[in-house]
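If you want the building blocks of each chain, they are given just below.
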Amino acid sequence: METDVAKRLLAVKAQLPAGVKLIAISKFHPDEYIMDAYREGQRVFGESHEQELARKADTLPTDIEWHFIGHLQTNKVKYIAPYIAMIESVDSLRLLREIDKQAARCGRIIKVLLELHIAEEATKYGLTPADCHELLASGEWRQMTHVQICGLMMMASNTDDQAQIAREFDEGSRCFVQFKSEFFADAPSFCECSWGMSHDYPIAVAHGSTMVRVGTAIFGPRVY
Ligand SMILES: *Cc1c(COP(=O)(O)O)cnc(C)c1O
């Protein structure tokens, strides 16, 4: 029987152009919801708390690819390094160094995205375009053999102003194009723009997104 989660997952997927990946954001949602989506073929899920993720990764099927999307403290990296598929929320060189170190310990290469801060809200984490440019220009990441920088992640402002949201995604896309040509011209793996959540993913896919992070529109409201 098709559950509500399954129906909503399929409805979201039907709206995504080919080539745009769906990360189902399952934070605060129970395992049974994740399994509803899993049975429809969804394999990539995103979580934002290290302990909740650890518990789910331990219990749920091992072919799930987990993305970390929340603010990650440096001292927590070691707990997720053995299995995390991608860390989308890298917002400092210090964090990037720690991921490289812990990935090396596990004999893995961890994919990461650099998190851009473009939205107006002062509370959001992430690197300004200038700070992100500086991190890349420092070149230290080129010596890191256990991280692979695959692109950028951003959240647009939480507003009903669709034109503003579109402008912010466009600014993210300009950063992506600039960083790609300046630092990753010979790296096809630098190819992801993780933009778009439940309320703005249709705008995001029209403005450069290759990866959307959708929670509420699939799983319903979160119960904190
Ligand atoms: C929670 C979260 C999402 C999903 O938000 P929804 O509005 O539930 O789709 C996407 N990205 C990040 C970084 C998040 O923390």
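Everything discussed here concerns the structure shown above.
An account of the accompanying structure is given in this report.

Rules and cut-offs
Residues numbered from 1 in each chain as written. Predicted model: local features only at pLDDT ≥ 70, side-chain atom pairs only at ≥ 80, totals over all residues. Heavy atoms only, no water. Helix = DSSP H or I, 4+ residues; strand = E, 2+ residues; numbered from the N terminus. Expected span 1.5 Å × (residues − 1). Buried < 20%, exposed > 50% of the residue type's maximum accessible area, 1.4 Å probe, protein only. Contact = heavy atoms within 4.5 Å. Salt bridge = Lys/Arg side-chain N within 4 Å of Asp/Glu carboxyl O. Core = buried A, V, L, I, M, F, W, Y, C linked by side-chain atoms within 4.5 Å. Near = heavy atom within 4 Å. Polar contact = N/O pair within 3.5 Å; in protein donor to acceptor, adjacent residues only side chain to side chain. Nonpolar A, V, L, I, M, F, W, Y, C, P; charged D, E, K, R; others polar. Pairing = 2+ DSSP bridges. Right-handed = clockwise from strand over helix to strand, strands pointing away. Axes fitted to C-alpha atoms, helices over the stretch in contact; angles between N-to-C directions. Parallel < 35°, antiparallel > 145°, perpendicular 65-115°, else oblique. Left-handed = near helix turned anticlockwise from the far one by under 90°.

Looking now at helix α5 (residues 93-105). Each turn of an α-helix holds 3.6 residues, which means side chains three or four residues apart point in the same direction. Taking 1.5 Å per residue as the helical rise, α5 with its 13 residues ought to reach 18 Å, and the 19 Å between its terminal C-alpha atoms agrees with that figure. For α5, the full list of buried residues reads Leu93, Leu95, Leu96, Glu98, Ile99, Asp100, Gln102 and Ala103. Those residues of α5 that are buried lie in contact with α4 (77-80), β4 (86-90), β5 (110-116), α6 (129-138) and β6 (147-154). Looking at the residues trailing α5, positive phi occurs at Gly107, about 65 degrees.

For the rest of this paragraph, the subject is the pattern of salt bridges. Under the definition given, this model contains nine salt bridges. For Asp4, the salt bridge is made with Lys7, and the minimal N-O distance between the two is 3.9 Å. Residue Asp4 and its partner Lys7 are both found in helix α1 (residues 4-14); the two are separated by three residues, about one turn of the helix. One connected set of salt bridges, linked through shared partners, spans Glu47, Glu52 and Lys56.

Bringing the environment of Gly151 into the picture now. Its place among the elements puts Gly151 in strand β6. Along the chain, Gly151 and Cys191 lie 40 residues apart, while their C-alpha atoms are 5.6 Å from each other.

Okay, the nonpolar core next. Within soluble globular proteins, side chains that are nonpolar tend to cluster in buried spots. Of all hydrophobic cores here, the largest spans 65 residues; its most connected members are Ile87, Leu96 and Leu152. When residues of this core are assigned to their parent elements, the largest contribution, seven residues, is made by helix α7 (residues 162-183). Dropping the residues within four chain positions of it, Ile87 is found in contact with Phe68, Leu72, Ile80, Ile99, Ile110, Lys111, Val112 and Leu113.

A separate point is the site of the ligand. As a matter of local geometry, the ligand sits amid Ile25, Lys27, Ile69, Met155, Met197, Ser198, Arg213, Val214, Gly215, Thr216 and Arg222. Lys27 is positioned such that a nitrogen or oxygen atom in its side chain is 2.7 Å from an oxygen atom of the ligand. Ser198 has a polar side-chain atom sitting 2.5 Å from an oxygen atom of the ligand. Partitioned by chemical class, the residues of the shell around the ligand number five nonpolar, three polar and three charged.

Another aspect to go through is the pairing of β5. For β5, the buried fraction is high: six of the seven residues fall into the buried class. The pairing of β4 with β5 spans three bridges and is classified as parallel. Each residue of the ladder has a partner; that of Met86, found in β5, is Lys111. One crossover worth recording links β4 to the parallel β5 by way of α5, and it is right-handed. In this structure, β5 lies alongside β6, joined through seven bridges in parallel fashion. In the sheet register, Leu114 faces β6, and the bridge partner there is Leu152.

The next point concerns the packing of α6 against α7. The description of two helices packed together rests on the angle between their axes and the distance between the axes. The N-to-C vectors of α6 and α7 enclose an angle of 15 degrees; their axes lie 11 Å apart at closest approach. Here α7 runs roughly parallel to α6, going by the angle between their axes. Remark: the crossing between α6 and α7 carries right-handed chirality. Contacts between α6 and α7 involve Pro129, Cys132, His133, Leu136 and Ala137 from the first element and Glu171, Cys175, Gln178, Phe179, Glu182 and Phe183 from the second. Taken together, the residues of the contact of α6 with α7 sort by class into seven nonpolar, two polar and two charged.

Spatial relationships are all this shows, so hold off on functional conclusions.
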